[in-house]
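Examining the three-dimensional arrangement
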2 protein chains.
Amino acid sequence: MARERLGRQAVDEAMTGLDGWTLAGDGLSISRGFTFRNFSEAFAFMTRSALAAEKLDHHPDWSNVYKTVDVTLSTHDAGGLTALDFELARRMNRYAGG
Amino acid sequence: MARERLGRQAVDEAMTGLDGWTLAGDGLSISRGFTFRNFSEAFAFMTRSALAAEKLDHHPDWSNVYKTVDVTLSTHDAGGLTALDFELARRMNRYAGG
């Protein structure tokens, strides 16, 4: 999948229909907080996301406190957002069931 | 396992021999950063730690960026450190192979 940095218009298009994610003010990353019913469900989500991340060779910056998972996605070596970030974001939304 | 908050002396004793962990200045939590060879190893460590956390019913605050995992442990409902924090810390050290 393309690791070229997306321009602002492509980013705006990709944001459309991507539920729950917020574009950073500098346009270089996207973030979303997920809340589950308990730790077990939160970590199940993280496990599915980790498998996807490894397969895409593209990894999230994320933190977990009990039933919440906060995720930030960016493609550091491209200096901003690429198609990979949006692909991983869409998959995470799917795994979270929303 | 005891969820009573440990006194300062008990905390100091528990810190002895607990490699790599730092006691917060306020004495209410302990933290350690772990670095692995890659994401796969980092997430394998997180998975074993998650199973232990669920079994102990005591969960870490943690974040992961590629091959690094930063962990903070505290027993929020006890308002500080308990035996559970040190038990989970020791297990995490073991899973990290150090």
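These numbers come from a predicted model, not from an experiment. (Residues numbered from 1 in each chain as written. Chains lettered and ligands numbered in written order. Predicted model: local features only at pLDDT ≥ 70, side-chain atom pairs only at ≥ 80, totals over all residues. Heavy atoms only, no water.)

Things to note about the pattern of salt bridges
Applying the stated criterion across every chain yields a total of 10 salt bridges over all chains. Note that Arg3(A) and Asp57(A) form a salt bridge whose closest N and O atoms lie 3.9 Å from each other. Placement of Arg3(A) in the segment before helix H1 (8–15) and of Asp57(A) in the loop between helix H2 (39–56) and strand E3 (61–65) is noted, with a sequence separation of 54 residues between them. On the accessibility criterion, Arg3(A) (33% relative accessible area) is partly exposed. A salt bridge links Arg37(B) to Glu41(B); the nearest nitrogen and oxygen atoms lie 2.6 Å apart. Judged by its relative accessible area of 66%, Arg37(B) is exposed. By relative accessible area, Glu41(B) is classed as partly exposed at 28%. Among the charged side chains, a salt-bridge network with shared partners connects Glu87(A), Arg90(A) and Arg91(A). (Salt bridge = Lys/Arg side-chain N within 4 Å of Asp/Glu carboxyl O. Helix = DSSP H or I, 4+ residues; strand = E, 2+ residues; numbered from the N terminus. Buried < 20%, exposed > 50% of the residue type's maximum accessible area, 1.4 Å probe, protein only.)

Here's the deal with the interface of chain B and chain A
Contacts between the two partners involve 16 residues from chain B and, on the opposite side, 16 residues from chain A. Where chain B meets chain A, there are zero salt bridges. The set of elements that each furnish at least two residues to the side of chain B that touches chain A consists of helix H2 (39–56) and strand E3 (61–65) of chain B. A total of eight residues in the side of chain B that touches chain A trace back to one element, the largest contributor, which is H2(B). Here the residues of the side of chain B that touches chain A are counted per class, giving nine nonpolar, five polar and two charged. The pairing of E3(A) with E3(B) spans five bridges and is classified as antiparallel. Following the sheet pairing, Asp61(A) is matched in E3(B) by Val65(B). (Contact = heavy atoms within 4.5 Å. Nonpolar A, V, L, I, M, F, W, Y, C, P; charged D, E, K, R; others polar. Pairing = 2+ DSSP bridges.)

Nothing here speaks to function; it is geometry throughout.
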